[in-house]
Amino acid sequence: MADIRIENLRKQFGSFVAVEDSSFVVDDGEFLALLGPSGCGKTTTLRMIAGLELPTSGRIYLDGEDVTFNRASARDIAFVFQLFALYPHMNVRRNIGFPLLSQGMPKAEIRKRVQETAHLLQIDHILNKSVSGLAGGDRQRVALGRAIVRRPKCFLMDEPLGTLDAEFREVMVHELRELHNRIHATTVYVTHDQHEAMAMADKIAVMNHGVIEQFGTPQEIYSKPATMYVADFIGSPPMNFMRFTSRLQRGARFVSLDGVDVAVPEIRQEMAEGELALGVRPEHIRFSDASPLRGAIYGSEYLGTNQVVAVETSSGMIKARVPANRSFRIGETVGLEFNPANLALFDCKSGRAVASSLYSEAKHV
Ligand code: ATP
């Protein structure tokens, strides 16, 4: 296996910049998810790593070797697409073994490798079946088998679960991570689905308009968002933003929201001024009669184990995740309490965090 190092990668199609100055490292055996909405440059980044697209500038290293201008076939990488094409006239065994046959590997060795791969994917029992009658999940496993059997240096996957229905997706998310735990293959996985990324990846690169906004573990991305975009993209419901205008100097520990002083994490930069936003995740809001920060209940969504309650405040609508057993009247006034340890503060103009309890560790890329 191998590490992948990307340095200042950029891709332009005419005057349109699809990927802008991307730099990151996927360590040997690590699972990286490239996460972002449609059109943000995930696939283009992956295709450049695969050698299917030449970068406009920047470098790509695989296992320490500069492969920027190497052909795809010379990179020892396996690419798993969303729409995988299995050979319909071949059975599962021959589909999986085909890449090795093309390499001219002796038949006995192919048989052994296919058997091992099928065992790893728990599809030994369908080896002699035709692929045309297989269900979606099994087809996906055969496609994975065909990639794994080659034992490439790393795997690149582009929305491989995209065509599966929700139930199968969940099973496959679990299986893919299990598989990764067993073979520790360096993997780059493209998805627009935050749940997939959070459930599977060791690290996540959140992309927006060709730029990596944050690179970190799922925990860092969730609890220490470096930008408002990341805070909004991750989490369901996303982080709440309460906007206000202020001028805060380094070391400030309070902001004034609707005339109420709210304790916040210490401002780390020289000055934060203009339109700012206090960011708080729904699960970090408590209703407390004693709190002077007030809002009116707008509606609630009962989720069984808890409920998401929308509250209208003078700084905007916010959503709180609170215990399911409390009932509310629409229009009822409630007090809102936040723990400063769980707050973030953003500059609305740049979108960047200017303070959060864990801000010093949040990486801007
Ligand atoms: P999706 O999930 O929709 O594929 P993505 O994040 O993978 O989204 P990319 O496929 O990398 O996005 O595309 C990024 C941008 O680059 C898009 O606006 C797309 O239209 C543009 N683009 C991609 N390939 C080309 C190309 N060959 N020529 C011109 N523009 C392109």
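Residues numbered from 1 in each chain as written. Predicted model: local features only at pLDDT ≥ 70, side-chain atom pairs only at ≥ 80, totals over all residues. Heavy atoms only, no water.

K.L.:
Even after reading the chapter, I still don't get the environment of Ser236, so can you show me in this structure?
P.N.:
Assignment of secondary structure puts Ser236 in the loop between helix H8 (228–233) and strand E11 (240–249). Along the backbone, Ser236 and Gln194 are 42 residues apart, and their C-alpha atoms lie at a distance of 9.4 Å. Residues in contact with Ser236, not counting those within four places in the same chain, are Gln194 and Arg321. (Helix = DSSP H or I, 4+ residues; strand = E, 2+ residues; numbered from the N terminus. Contact = heavy atoms within 4.5 Å.)

K.L.:
What should I look at first to understand helix H4 (residues 136–148) in this one?
P.N.:
An α-helical turn contains 3.6 residues, so any two residues separated by three or four positions project in the same direction. With 13 residues, H4 extends 18 Å between its outermost C-alpha atoms, agreeing within 8% with the 18 Å of an ideal straight helix rising 1.5 Å per residue. Burial within H4 is extensive, with 11 of its 13 residues counted as buried. All buried positions along H4 are accounted for by Gly137, Asp138, Gln140, Arg141, Val142, Ala143, Leu144, Gly145, Arg146, Ala147 and Ile148. Where H4 is buried, its residues touch strand E6 (77–80), helix H2 (92–102), helix H3 (107–120), strand E7 (154–158) and helix H5 (166–183). (Expected span 1.5 Å × (residues − 1). Buried < 20%, exposed > 50% of the residue type's maximum accessible area, 1.4 Å probe, protein only.)

K.L.:
Looking at this model, I keep getting lost on the domain arrangement of the protein. Mind explaining?
P.N.:
Size of an interface: often given as the accessible area lost when the parts come together. Domains assigned within the protein are domain 1 (4–223) and domain 2 (228–361). Centre-to-centre, using C-alpha coordinates, domain 1 lies 38 Å away from domain 2. Between domain 1 and domain 2, the residue contacts involve 14 residues of the former and 9 residues of the latter. Taken together, domain 1 and domain 2 are joined by 0 salt bridges. One can count 5 residue pairs in polar contact (both at pLDDT 80 or more) joining domain 1 with domain 2. (Domains from an automatic or database assignment. Salt bridge = Lys/Arg side-chain N within 4 Å of Asp/Glu carboxyl O. Polar contact = N/O pair within 3.5 Å; in protein donor to acceptor, adjacent residues only side chain to side chain.)

K.L.:
Explain the nonpolar core to me, please; I cannot follow it from the model alone.
P.N.:
Among the nonpolar cores identified, the biggest contains 44 residues, and Val92, Ile96, Val142, Leu144 and Ile204 are the most heavily contacted of them. Broken down by element, the residue count for this core peaks at 5 residues, all from H4. There are two domains that each give this core at least three residues, and those are domain 1 (4–223) and domain 2 (228–361). Those residues in contact with Val142 that sit more than four places away from it in its chain are Leu86, Val92, Asn95, Ile96, Ile123, Val131 and Leu134. Counting residues in each nonpolar core, the second largest holds 31 residues, with Met242, Phe244, Leu293 and Leu345 among its members. (Core = buried A, V, L, I, M, F, W, Y, C linked by side-chain atoms within 4.5 Å.)

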